[in-house]
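# Chain and residue survey
Each chain, written out:
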Amino acid sequence: MKLSVYFVTVFILVLLILPTAIPHDYSDALRKSILFFEGQRSGRLPKQQRMAWRGNSGLNDGRSLNTNLVGGYYDAGDNVKFHFPMAFTATMLAWSAIDFGSYMSPNDRGHNLVSLKWATDYLLKTVSQLPNRIFVQVGEAQPDHDCWERPEDMDTPRTAFALDASYPASDLAGEITAALAAASIAFKQSNPRYSKILLDKAIQTFKYADSRRGSYTDNPGVNKAVCPFYCSVNGYKDELLWGAAWLRRATGLDYYLTYLLNNRQAFGANNNYLEFGWDNKVGGVNVLIAKEVFQKNMTVLAPYKDTAEKMMCAFFLETTGPHMSYTPGDLIYKHGSSQLQNTAALSFLLLTYADYLSKSSQQLSCGNLKFQPDSLRRIVKRQVDYVLGDNPMKLSYMIGYGERYPRLIHHRGSSIPSVAIHPTAFGCLQGWTIFSSPNPNPNILIGAVIGGPDVDDKFIGGRTNASETEPTTYINAPFVGILAYFKSNPKFS
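Thresholds applied
- Residues numbered from 1 in each chain as written.
- Predicted model: local features only at pLDDT ≥ 70, side-chain atom pairs only at ≥ 80, totals over all residues.
- Heavy atoms only, no water.
- UniProt positions renumbered as here; feature names shortened; annotations may be inferred.
- 1 Å grid on protein atoms, 1.4 Å probe; cavity = no way out; pocket = protein on both sides within 12 Å on 5 of 7 lines; lining within 4 Å.
- Points joined across faces, edges and corners; volume = space filled by probe spheres on them.
- Nonpolar A, V, L, I, M, F, W, Y, C, P; charged D, E, K, R; others polar.
- Axes fitted to C-alpha atoms, helices over the stretch in contact; angles between N-to-C directions.
- Helix = DSSP H or I, 4+ residues; strand = E, 2+ residues; numbered from the N terminus.
- Parallel < 35°, antiparallel > 145°, perpendicular 65-115°, else oblique.
- Left-handed = near helix turned anticlockwise from the far one by under 90°.
- Contact = heavy atoms within 4.5 Å.
- pLDDT = per-residue confidence, 0-100.
- Buried < 20%, exposed > 50% of the residue type's maximum accessible area, 1.4 Å probe, protein only.
- Polar contact = N/O pair within 3.5 Å; in protein donor to acceptor, adjacent residues only side chain to side chain.
- Core = buried A, V, L, I, M, F, W, Y, C linked by side-chain atoms within 4.5 Å.
- Pairing = 2+ DSSP bridges.

The protein appears in an unreviewed UniProt entry as Endoglucanase from Camelina sativa. Reading the Sequence similarities (unreviewed entry) entry of the UniProt record for the protein gives the comment "Belongs to the glycosyl hydrolase 9 (cellulase E) family." Quoted straight from UniProt, the Catalytic activity (unreviewed entry) entry for the protein says "Endohydrolysis of (1->4)-beta-D-glucosidic linkages in cellulose, lichenin and cereal beta-D-glucans."

One pass over the structure, following the stated rule, counts two cavities of 30 Å³ or more. Taken as a whole, the largest cavity spans an internal volume of roughly 60 Å³. Along its surface, the largest cavity is lined by Gly-39, Gln-40, Arg-54, Tyr-74, Ala-76, Gly-77, Asp-78, Asn-79, Pro-151, His-411, Arg-412 and Gly-413. Of the residues in the lining of the largest cavity, the class split is three nonpolar, six polar and three charged. Space inside the second largest cavity adds up to approximately 30 Å³.

Quick look at the packing of helix α3 (residues 83–100) against helix α6 (residues 170–186) now. Where α3 contacts α6, the axes come no closer than 8 Å and their chain directions differ by 25°. In terms of orientation, α3 and α6 fall into the roughly parallel class. For the crossing formed where α3 meets α6, the hand is left-handed. Facing α3, whose interface residues are His-83, Phe-84, Ala-87, Phe-88, Ala-90, Thr-91, Ala-94, Ala-97 and Ile-98, α6 presents Asp-171, Leu-172, Glu-175, Ile-176, Ala-178, Ala-179, Ala-182, Ala-183, Ile-185 and Ala-186. Among the residues making up the contact of α3 with α6, the classes are represented as 15 nonpolar, two polar and two charged.

Bringing the confidence of the model for the protein into the picture now. Reading fine detail from the predicted coordinates is not recommended where pLDDT is low. A residue-level look at the protein finds 95% of positions with pLDDT of 70 or above and a mean pLDDT of 93. For the stretch residues 1–20, pLDDT sits under 50, and the model shows zero contacts to residues farther than four places along the chain or on other chains.

On to the side chain of His-410. Within the element layout of this structure, His-410 appears in the loop between α14 (373–387) and α15 (412–415). By relative accessible area, which is 12% here, His-410 ends up buried. Within polar-contact distance, the side chain of His-410 engages the backbone oxygen of Arg-463 at 2.6 Å. Residue contacts for His-410: discarding those within four places in its chain leaves Gly-77, Trp-148, Phe-435, Arg-463, Ala-466, Thr-469, Glu-470 and Pro-471.

Here the focus is the nonpolar core. Trp-95, Ile-134, Met-312, Phe-315, Tyr-353 and Leu-364 are the most contacted members of the largest nonpolar core, which totals 150 residues. The dominant element in this core, judged by the number of residues it contributes, is helix α13 (residues 340–359), at twelve residues. Counting five residues, the second-largest nonpolar core is a separate cluster that includes Trp-148, Phe-426, Ile-434 and Phe-435.

Let's shift gears to the sheet that holds strand β3 (residues 160–164). Strand order across the open sheet formed by three strands is β1-β2-β3, with antiparallel pairing between neighbours. The open sheet is flanked by β1 (81–82) and β3, the only strands paired with a single partner. Where β1 and strand β2 (residues 133–138) come together, two bridges link them in antiparallel fashion. Bridging across to β2, Phe-82 finds its partner in Gln-137.

To continue, consider the environment of Ala-160. Along the chain, the position of Ala-160 falls in strand β3. On the basis of relative accessible area, Ala-160 is assigned to the buried category, the value being 6%. Spatially, the C-alpha atom of Ala-160 lies 4.4 Å from that of Val-138, the residues being 22 residues apart in sequence. Once residues within four sequence positions are removed from consideration, Ala-160 is found in contact with Gly-62, Ser-64, Leu-65, Leu-69, Gln-137 and Val-138.

Within this numbering scheme, the UniProt entry marks residues 26–483 as carrying the feature "domain: Glycoside hydrolase family" (unreviewed entry). End C-alpha to end C-alpha, residues 26–483 measures 6 Å, and it is 46% helix and 5% strand.

Let's shift gears to the layout of surface pockets. When its volume is computed, the largest pocket comes out at roughly 700 Å³. Elements with a contribution of two residues or more to the lining of the largest pocket: α13 and α17 (466–469). Residue classes in the lining of the largest pocket are distributed as eleven nonpolar, eleven polar and six charged.

See the structure below:
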């Protein structure tokens, strides 16, 4: 009897000593990840605006070119509208709605579509004058970065940049094609009229992209405006495949199937296949096209699936061949700034591929090793939980989620008192006093996922450390779909 009591006592003590993971509220995180986009809005805000500390801004955008470019999103913590990463953001919001919308509540799904439409309404304006010209950007990056002022007070040049038909813009137009085509699928049931408008414009935009092959940043004037912030380093061919792949999915037309078959090698779908983000779409192209092989047995597209499979195998370190890198805390890591943009985009592809495997009752084959779809999902869950606080710093990298998250993020609107509280404008130079202040940001940019830690899981933080503390729309967009999945699959909770 005494021995039994002894073992029970030891067992209880062990349970008390062992660390236990705190279950995350993925529903709360999902709601906040969508709400974040309201803090990034440009233009005249609607009555339904929930991020109440924001106000109207950029109401004359486009005037320098005698056009209307009001609306859209500021991509990060500054006040420039870069159309290339904005389009990628829209594509990922749409893909989240298409493949993971069924896991969202009607309320979350509705808000996600509102966030998507805010982007696509604007993107339609950027291609409204095709085939004569395409709009590239609004705002001058260097003057904007020389000031620290909230969007509502902007007095920096709001120059609109465009490329005429004689200049190529395949990467920009290819990404806008993808965004509009993907969104046409997302809106097909709830808003068929709008869906048709998006698809028709996506088809026209792709023709423009393919007929003028080349990168939009090859133009000296655009290069000076866009670079070094959003130079298209990876070229334009992946965006042509990306646009064609989304049009194939949206239309089912053989024209786009033939295009994908004829250009796979020439456009490098088998190169840099471990990459996916706003500048490199190769990983996404292969995973997106693989769906047709899995679900429609379209074997002519098998080379795309084979490359996607090589990418998936790279996440498992026990396989042969190239591998993804991880921090000591198990975060997927790639060299460069704003680390969590890679984590978000790559995790989305992992989860999407796992879904394709499950629905076709297949496993991931990596040589002699086989992995069930849940093996891929467990990697993704580790990434999500890391972002939400299960990391060596014990810090949530989603602002407003949990008790411990960075309070001094690199974001102009969040760091300066709102117009509702301080209606007098803060000047360009006056804002730098706030920038260098140790005081927390007065406006919480709820749901923003910031750049995150370094390769050693270290996080210094502070407004001056933009690579760690600046949020971007293209970090959040993939997380929307990911969080929707884990919210609705309690066995992973």
